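# Chain and residue survey
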Amino acid sequence: MTVLDAHTHPHFREHQAGREAADAFLREAQRHGIEHVVALGDVLAFGRNPDEDQLRSINDDTLWLVQRHPRRVTGFCYLNPTLGERAVWREVERCVAVPGMRGLKLEVANNARDACMRPVMQAAERHGLVVLQHAWSMTKIRQRSFHTDPEDAVLLARRFPNVRVIMAHLTGCGVRGVLAARDCDNLVVDTSGAAPEAGIVAYAVEKLGAERVLYGSDAPIRDFAVAIARITGAGLGRDAERRILRENARELLRLP
Amino acid sequence: MKVFDALTWLGHWPFAFLAQRNAAGLARHLRAHGIDRALVSPLDAAFAPEPGPANRALFRAVRGVPSLEVAPVINPAVADWRDQLQDCLDRGPVRLVRVLPSYHRVVLTGPAMRSLMAECRRRGVKVAIQVRLIDERHEHHAVSLRPPKVPALTRFLDAFPGEPVLLSGVLRTEAATLTAGRPQVRVDLAFVEWLETLRTALAAVPARQVVFASHTPILETAAAPAKFARARISPSAKRALLGANLERFLNA
């Protein structure tokens, strides 16, 4: 079964590896049957609140990779909504000019329920882009002023029902995240985040249906083999596995 | 290649929807994932006033299941820990005991822990420190605890120089820091993860100090052997990590 990974960071500056490391990253993905990845950029390379130049630098890496491997990489444009409406639109317009850029990535500059998300979502709607929103249960982290709880991601999706939203990190969002997402049809969850805690993928499929769960690894922070085993080890059946590992993301991103 | 799992549990965990299995069911489940043998500890001991009843129930449960070897939980923070240990030794062969410092508020460099280490050395029993059971960001909102930090673990290890210790449930960076210059320390792989986990781990930690661990049922069992399936490490390193290292550690 070929796999489509909806949540990766091929450029990771922690080891000063440079762009060449992204090629090795793709080869490693292919060794695990992953034919296509969504590249989100090295989103914390400059801390949680990057300025315009830093954002451009991160997105330039993604644009380079998408152009280098157009059949194997979909790019998401990383944004910092707190930089304001004009900065958001400028960066979105710059990125979507490159074929293969199909989404927007939001991290921890602000909470998804903040007013500064409006231009982001308007841009997504205008260009038909998918929005991938970082989310994690804040029960123990206590950073909700800039860090998105699953309920915040759901609220964002409800406010903009014409935009398709990926709520990242199923394992971090947990049971409460799954339940929050239940009646929000324009929102799907990806399976990335934390160690492979048992039971949560099966729970998400039971409550949301396999068609609303996407495989995502968060590699290189995580191991492709482990991330895939979260799905194949969950006892879901071949049809659900196929949907989660490939078909859902293919349809969402309108890939061939 | 025989696989020996350093970390599995039987019992109840109140904060997640985990599969409930008896000992035979656990052994079958592990076997289905290619795991031949396992150390098993009592999950109920984490929140019990003292671990004795959970240990005793586990010894009863695994009788007749030779692939499971009991690694009882000992709580040195309560006064009867010598009785706990003696009771376990009376019930069966014990090669390793597990200490849960954050769940039992154990001071790793305190007098009780020093006494436990000395007693275990005298009895030829190894000690595992369970650094974390789950990701601390995912603890239940009613539970307020943190895993011991690296400086506290360092102080503990340095308080017992040369003493063989298994650090269980460490993260990738913790494994690298805590094994550096300490060849007596072993780390398990349950929470160690990065792109190409094994190649990354072995670049930072000598292969002889790393042991396989699934952390069943808290983590997805399939994820542990998956780290090895396409790993680009030598067959001898693979064999060592999958079982030989743990066997050697327990028998040393």
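As a further point, take the overall build of chain B. Tallying secondary structure elements over chain B gives ten helices and eight strands in all. Taken over the C-alpha trace, chain B has a radius of gyration of 17 Å; the compact-globule value for 252 residues is 18 Å, and the two agree within 12%. In terms of overall dimensions, chain B has C-alpha extents of about 50 × 40 × 40 Å along its principal axes. Classification of the 252 residues of chain B by burial places 60% in the buried group. Sequence-distant contacts in chain B: of pairs separated by 6 or more residues, those separated by 24 or more amount to 73%. In the structure as shown, chain B presents an accessible area of about 10100 Å², 55% of it carried by carbon and sulfur atoms. Taken as two groups, the 34 positive and 21 negative side-chain charges of chain B have centres that lie 5 Å from each other.

Once that is clear, we can look at the packing of aromatic side chains. Residue and element names in this part refer to chain B. Applying the stated criterion to the full structure yields nine aromatic pairs over all chains. Ring geometry for tryptophan 13 against phenylalanine 15: centres 5.7 Å apart, planes inclined by 90°, an arrangement best described as edge-to-face. By relative accessible area, tryptophan 13 is classed as buried at 6%. Taking the relative accessible area as the measure of exposure, phenylalanine 15 reaches 31% and is therefore partly exposed. Summarising the aromatic geometry, the rings of tryptophan 13 and phenylalanine 47 are spaced 5.6 Å apart at their centres and angled 45° between planes, so their arrangement reads as tilted. Placement of the pair is tryptophan 13 in the loop between strand 1 (4–10) and helix 1 (23–32) and phenylalanine 47 in the loop between strand 2 (37–42) and helix 2 (52–62), with a sequence separation of 34 residues. Judged by relative accessible area, which is 40%, phenylalanine 47 ranks as partly exposed. Lying over the aromatic face of phenylalanine 4, arginine 37 brings its terminal NZ or CZ to 4.0 Å of the ring centre.

Turning our eyes to something else, we now look at the side chain of A:Asp61. Residue and element names in this part refer to chain A. Tracing the backbone shows aspartate 61 in helix 2 (residues 52–68). Here aspartate 61 falls in the buried class, since its relative accessible area comes to 11%. Every residue in contact with aspartate 61, bar those within four places of it in the chain, is listed here: His11, Arg13 and Arg19.

With that settled, consider empty space enclosed by the protein. Taken as a whole and assessed by the stated rule, the structure comprises six cavities of 30 Å³ or more. Considered as a void within the structure, the largest cavity measures approximately 70 Å³ in volume. Put simply, the parts of the chain that give the lining of the largest cavity at least two residues each are helix 1 (20–31) of chain A together with helix 8 (197–204) and helix 9 (223–229) of chain B. Examining the composition of the lining of the largest cavity, we find that three residues originate from one element, helix 8 of chain B, more than from any other. Here the residues of the lining of the largest cavity sort into four nonpolar, two polar and eight charged.

Residues and elements named next belong to chain A. One open sheet holds the eight strands; their spatial order is 1-2-3-4-5-6-7-8, and the pairing between them is parallel. For this open sheet the edge positions go to strand 1 (3–8) and strand 8 (213–214), each flanked by a neighbour on one side alone. Relative to strand 2 (residues 34–39), strand 1 is paired through four bridges, and the arrangement is parallel. Across the sheet, residue leucine 4 finds its bridge partner in strand 2, namely histidine 36. On top of the sheet, helix 1 reaches strand 1, strand 2 and strand 3 (73–79); it is set at about 135° to strand 2, its chief contact.

Mapped onto the elements, A:Ile141 comes out in the loop between strand 5 (130–133) and helix 5 (150–159). Residue classification places A:Ile141 among the buried positions, given a relative accessible area of 19%. Other than its neighbours up to four places away in sequence, A:Ile141 contacts A:Trp136, A:His147 and B:Arg137.

Turning to the pairing of strand 7 (residues 187–190) of chain A, a few remarks are in order. All names here are of chain A. Residues Leu187 and Val189 point to one face of strand 7 and Val188 and Asp190 to the other, with burial holding for every one of them. Pairing of strand 6 (residues 165–167) with strand 7 involves three bridges; the strand directions are parallel. The residue bridging isoleucine 166 from the neighbouring strand is valine 188, located in strand 7. Tracing the backbone out of strand 6, into helix 6 (residues 170–181) and back to the parallel element strand 7 gives a crossover that is right-handed. Summarising the sheet, strand 7 and strand 8 pair through two bridges and their orientation is parallel.

Cut-offs used in this document
- Residues numbered from 1 in each chain as written.
- Chains lettered and ligands numbered in written order.
- Predicted model: local features only at pLDDT ≥ 70, side-chain atom pairs only at ≥ 80, totals over all residues.
- Heavy atoms only, no water.
- Helix = DSSP H or I, 4+ residues; strand = E, 2+ residues; numbered from the N terminus.
- Rg over C-alpha atoms; globule rule 2.2 N^0.38 Å.
- Buried < 20%, exposed > 50% of the residue type's maximum accessible area, 1.4 Å probe, protein only.
- Contact = heavy atoms within 4.5 Å.
- Areas by Shrake-Rupley, 256 points an atom, 1.4 Å probe, with all protein chains shown as cover.
- Lys, Arg positive; Asp, Glu negative; His and termini not counted.
- Charge placed at Lys NZ, Arg CZ, Asp CG, Glu CD.
- Phe/Tyr/Trp six-rings, centres within 6.5 Å; stacked < 30°, edge-to-face > 60°.
- Lys NZ or Arg CZ within 6 Å of the ring centre and 35° of its normal.
- 1 Å grid on protein atoms, 1.4 Å probe; cavity = no way out; pocket = protein on both sides within 12 Å on 5 of 7 lines; lining within 4 Å.
- Points joined across faces, edges and corners; volume = space filled by probe spheres on them.
- Nonpolar A, V, L, I, M, F, W, Y, C, P; charged D, E, K, R; others polar.
- Pairing = 2+ DSSP bridges.
- Axes fitted to C-alpha atoms, helices over the stretch in contact; angles between N-to-C directions.
- Right-handed = clockwise from strand over helix to strand, strands pointing away.

These figures come from the coordinates and say nothing about function on their own.
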